[in-house]
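Now for the letters of each chain:
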Amino acid sequence: MNVPFDNSYARLPDRFFQRVEPLRSPAPELVALNRPLAAELNIDPDWLAGPDGLDMLSGRAIAPGSEPIAQAYAGHQFANFVPQLGDGRAVLLGEVVDRGGRRRDIQLKGGGRTPFSRGGDGRAALGPVLREYLVSEFMAALGIPTTRALAAVVTGEPVVRETILPGAILTRVASSHIRVGTFQYFAARGDTDALRLLADHVIARHYPEARGAPHPYQALLEAVVAAQARLVAQWLLVGFIHGVMNTDNTSVAGETIDYGPCAFMDAYDPATVFSSIDRQGRYAYGNQPRIAHWNLARFAETLLPLLADDDDAALAAAQEGIAPFAGAFERAYFTGLRRKIGVLDEEEGDVALINELFQRMTTNQVDFTLFFRRLGTAALCQDEPVRSLFVDPTAFDGWAGDWRARLARDPQDPAARRAAMDRVNPAFIPRNHQVEAMVAAALDRQDFGPFRHLLDLLSRPYDDQPEQARFAEPPQPHERVTATFCGT
């Protein structure tokens, strides 16, 4: 079988990328294959699982139609601008058009050195590959825009990090790998022609409605702002902390990308940070909306030459384009929170009610995921499961009276309300300690059973699955994960 590649990015001028060949894995073995995703991409899963498919997934062979490239981009990393980054360990094999008519990238992450490797080896270790596979597929199961995992392969060759680790490759699928940093790369070089080509490519690929707008590039800015506002709101609604929200990790398609040191919050605290390199808390859970806004301002700066010929007019258009972010985020976030607490309509006092809840959760170290899942039982007047999460259970009682008064003003059948709450409040998340245990099993014992078990469990995050109840529990004190790592 041939993969139906149709590569639009590789048809852009050569300064957008470097042509490369992936590193050949000496003894690859398939660890995981996402068969439903393969079928969605019009690729035969059985072929992918066979020798020819494994050769493509491990860099041993370039499939017909593939045009491997490493993309150029720049980026602000922890607010410090780096004018050239680029794909240092990822090789874009090409693009396919899926069954829904959407164009999708297929990329080998850990595919070897490229001209952008900056002294790195271009490889990936097994642990980060398994983490990204698991977490990106969980996000997809939640309905949150995300890159996807098509396959994970061990290469048969070790990589050197702090220790010697098994090498691996993640085959990642994305709507595109175009980032805010891609625009910054050309803006830093004063290459307005490339900026225009890139903007036209993104409009055609992601936001075709902008093409017919009176000001297409301002419409593009507004569309990216709206997509990012919705995305970050969805992150917060499930306790997700990206960990490294640099502009080169900000997708203009509005997808979650580059999971690196990501983690999920256990006890609610807006200051929660896991990333070992985020020493100042720049990318803390509660700071993510502000950082997204900052990143979008950097995106708007790159578009200035396209927005208007006059500098003042261009600046005014950019400011107008990013101004809706705060309102769009707040609407998406608080609409989602209303659904999480079981109300559908909007009242003026809802924000105060929710903020009071979060203050009490912080003081009482209440588990974020369990609280909202168990709040559904409280909607049926069964309070003890949720009260027991509070250090001082009366803190819940004090809030619950106001909450129930609010429910009374939004009448619903109690069972229907509880069912609706369960559809937006997951029973299971990738608990950090469970993810670490899964990685340890794979590294220490070459046991992929825990990985496959978690992958199956998290593919149905809203189902109760009572036989798996222990996976819903937060970590014991000795199990707590306090730091996560990029894995590069």
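Just so you know, these numbers come straight off a predicted model, no measurement behind them.

Quick look at the overall build of the chain now. In terms of helices and strands, the chain carries 17 helices and twelve strands. Overall, the chain is about 65 × 60 × 40 Å in size when its C-alpha atoms are taken along their principal axes. Looking at the 488 residues of the chain, the share that counts as buried comes to 57%. The long-range fraction of contacts in the chain, counting pairs at least 24 apart against all pairs at least 6 apart in sequence, stands at 71%. On the chain, roughly 19400 Å² of surface is accessible, and the fraction owed to carbon and sulfur atoms is 51%.

Let us now look at the packing of aromatic side chains. Scanning all chains against the criterion turns up 27 aromatic pairs. With 5.8 Å between their ring centres and 50° between their planes, F390 and F396 make a pair best called tilted. Take F390 and F396: they sit in the same class, and that class is buried. Ring geometry for W399 and W403: centres 5.7 Å apart, planes at 15°, overall stacked. Separated by four residues within a single helix, W399 and W403 lie in helix α14 (residues 394-408), roughly one turn from each other.

Counting 152 residues, the largest nonpolar core has M139, F183, Y333, M361 and F371 as its most contacted members. The element that contributes the greatest number of residues to this core is helix α7 (residues 216-237), accounting for 15 residues. When residues no more than four places from it in sequence are discounted, the contact partners of F371 are L357, M361, V366, V386, L389, F390, F396 and W399.

Before going further, it helps to examine the environment of D46. One can find D46 in helix α2 (residues 45-49). A sequence separation of 109 residues divides D46 from T155, and the C-alpha atoms of the two residues are 20 Å apart.

What helix α17 (residues 449-458) keeps buried is the set F451, L454, L457 and L458. With its buried residues spanning 130° around the axis, α17 presents them on a single face. Along its buried surface, α17 packs onto β2 (29-33), α4 (126-142) and α16 (432-445).

Under the criterion given, the structure shown has 41 salt bridges. Its salt-bridge partner being E137, residue R148 comes within 2.8 Å of it at the nearest N-O pair. Linking R148 in strand β9 (residues 148-160) with E137 in helix α4, this pair joins segments that are eleven residues apart in sequence. Looking at R148, the relative accessible area reads 18%, which means it is buried. A salt bridge links D266 to R431; the nearest nitrogen and oxygen atoms lie 2.8 Å apart. Highlighted residues: D266 in the loop between β12 (263-264) and α8 (288-307) and R431 in the loop between α15 (414-422) and α16, separated in sequence by 165 residues.

Here we take up the pairing of strand β6 (residues 90-97). Of all eight residues making up β6, seven are buried, and the element is well covered by its neighbours. Adjacent in sequence and paired antiparallel, β6 and strand β7 (residues 103-109) are bridged by five residues, among which G101 carries a positive phi angle near 85°.

Let us now look at the side chain of K340. Relative to the assigned elements, K340 resides in helix α10 (residues 325-341). Buried and unpaired, K340 has no salt bridge, with D422 as the nearest side chain of opposite charge at 10.0 Å. Once you skip the residues sitting within four places of it in the chain, K340 turns out to touch L237, F368, F372, L375, M421, V424 and N425.

Our focus in this paragraph is α15. All of the buried residues along α15 are R417, M421 and D422. Within α15, the buried residues cover an arc of 135° as seen down the axis, which keeps them to one side. Along its buried surface, α15 packs onto α10, α12 (368-378) and α14.

Residues D309, D310, D311 and D312 make up a contiguous surface patch of negative charge. Structurally, the position occupied by D310 is in the loop between α8 and α9 (311-322). Residue classification places D310 among the partly exposed residues on the basis of a relative accessible area of 44%.

What follows covers the side chain of R338. With respect to the helices and strands, R338 occurs in helix α10. Judged by relative accessible area, which is 8%, R338 ranks as buried. A distance of 2.7 Å separates the side chain of R338 from the side chain of D350, its partner in a polar contact. In this view, R338 contacts V343, D345, E346, E347, D350 and I354; residues no more than four positions away in its chain are not counted.

Let us look at unusual backbone geometry. One non-glycine residue with positive phi stands out, namely N42, at about 65°. Of note in the backbone geometry, C381 takes a positive phi value of approximately 65° without being a glycine. For C381, a relative accessible area of 61% translates into the label exposed.

On the secondary structure map, H76 appears in strand β4 (residues 75-77). In this structure H76 comes out as buried when scored by relative accessible area, which is 13%. Measuring from C-alpha to C-alpha, the distance between H76 and L304 comes to 18 Å, with 228 residues separating the pair along the chain. In this structure H76 touches F81, Q184, N246, T247, D248, W294 and R298, once residues within four positions along its chain are discounted. Among the polar contacts made by the side chain of H76, one reaches the side chain of Q184 at a distance of 2.9 Å.

Rules used in this analysis
Residues numbered from 1 in each chain as written. Predicted model: local features only at pLDDT ≥ 70, side-chain atom pairs only at ≥ 80, totals over all residues. Heavy atoms only, no water. Helix = DSSP H or I, 4+ residues; strand = E, 2+ residues; numbered from the N terminus. Buried < 20%, exposed > 50% of the residue type's maximum accessible area, 1.4 Å probe, protein only. Contact = heavy atoms within 4.5 Å. Areas by Shrake-Rupley, 256 points an atom, 1.4 Å probe, with all protein chains shown as cover. Phe/Tyr/Trp six-rings, centres within 6.5 Å; stacked < 30°, edge-to-face > 60°. Core = buried A, V, L, I, M, F, W, Y, C linked by side-chain atoms within 4.5 Å. Arc of directions from axis to C-beta. Salt bridge = Lys/Arg side-chain N within 4 Å of Asp/Glu carboxyl O. Pairing = 2+ DSSP bridges. Lys, Arg positive; Asp, Glu negative; His and termini not counted. Patch = residues over 30% accessible without salt bridge, like charges linked within 9 Å, V, L, I, M, F, W, Y side chains within 5 Å. Charge placed at Lys NZ, Arg CZ, Asp CG, Glu CD. Polar contact = N/O pair within 3.5 Å; in protein donor to acceptor, adjacent residues only side chain to side chain.

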